[in-house]
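Read off the chains here:
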Amino acid sequence: MFDQPVHDGLQSDVYITSDDEEVKNKVMEMLSGISFRVIDGGKLKNNRTIERMTLFEREVSIRYGNYPLVSFRMWGV
């Protein structure tokens, strides 16, 4: 959730994608102060996967009663 990016001590991840590395790095730098953990999501084409992940996590979180508190989290980063 945008208004609660930290839940049970864990930050939600935000993935930044772009085919222009310089622009992607600049955006990541600009976002470095937000409460979310900003992750380099690679090339712009990865947005198709990220969008599907969002649909999947919503469905699963509703099934297990966690909605709207849902976020994919990359462990070990």
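Residues numbered from 1 in each chain as written. Predicted model: local features only at pLDDT ≥ 70, side-chain atom pairs only at ≥ 80, totals over all residues. Heavy atoms only, no water.

1. Structural notes on the packing of aromatic side chains
Using the criterion set out here, one finds zero aromatic pairs in the structure. Seen from the ring of tyrosine 67, arginine 58 lies directly overhead, with NZ or CZ sitting 5.1 Å from the centre. (Phe/Tyr/Trp six-rings, centres within 6.5 Å; stacked < 30°, edge-to-face > 60°. Lys NZ or Arg CZ within 6 Å of the ring centre and 35° of its normal.)

2. Digging into the environment of asparagine 66
Examined against the element boundaries, asparagine 66 turns out to sit in the segment after α2 (47-63). Each C-alpha atom, one on asparagine 66 and one on valine 14, is 19 Å from the other, the two residues being 52 residues apart in sequence. (Helix = DSSP H or I, 4+ residues; strand = E, 2+ residues; numbered from the N terminus.)

3. A look at the environment of tryptophan 75
Here tryptophan 75 is to be found in the segment after α2. Residue classification places tryptophan 75 among the exposed residues on the basis of a relative accessible area of 65%. Along the sequence, tryptophan 75 and lysine 24 sit 51 residues apart, while their C-alpha atoms lie 22 Å from each other. (Buried < 20%, exposed > 50% of the residue type's maximum accessible area, 1.4 Å probe, protein only.)

4. A few points about the pattern of salt bridges
The full count for this structure, using the stated rule, is four salt bridges. Across the pair lysine 24 and glutamate 21 runs a salt bridge, and its minimum N-O distance is 3.0 Å. Of the two residues, lysine 24 and glutamate 21 both sit in helix α1 (residues 21-30), three residues apart, roughly one turn of that helix. A salt bridge links glutamate 59 to arginine 63, with the shortest nitrogen-to-oxygen separation between them at 2.9 Å. Highlighted residues: glutamate 59 and arginine 63, both in helix α2, separated by four residues, approximately one helical turn. Residue class for glutamate 59 comes out partly exposed when judged on its relative accessible area of 45%. Through salt bridges with shared partners, a single network forms among Glu21, Lys24 and Asp40. (Salt bridge = Lys/Arg side-chain N within 4 Å of Asp/Glu carboxyl O.)

5. Description of the pairing of strand β4 (residues 37-40)
Sheet analysis places strand β3 (residues 13-16) next to β4, joined by four bridges and oriented parallel. Residue pairing in the sheet places isoleucine 16 in a bridge with aspartate 40 of β4. Between β3 and its parallel partner β4, the chain crosses via α1, and the hand of that crossover is right-handed. (Pairing = 2+ DSSP bridges. Right-handed = clockwise from strand over helix to strand, strands pointing away.)

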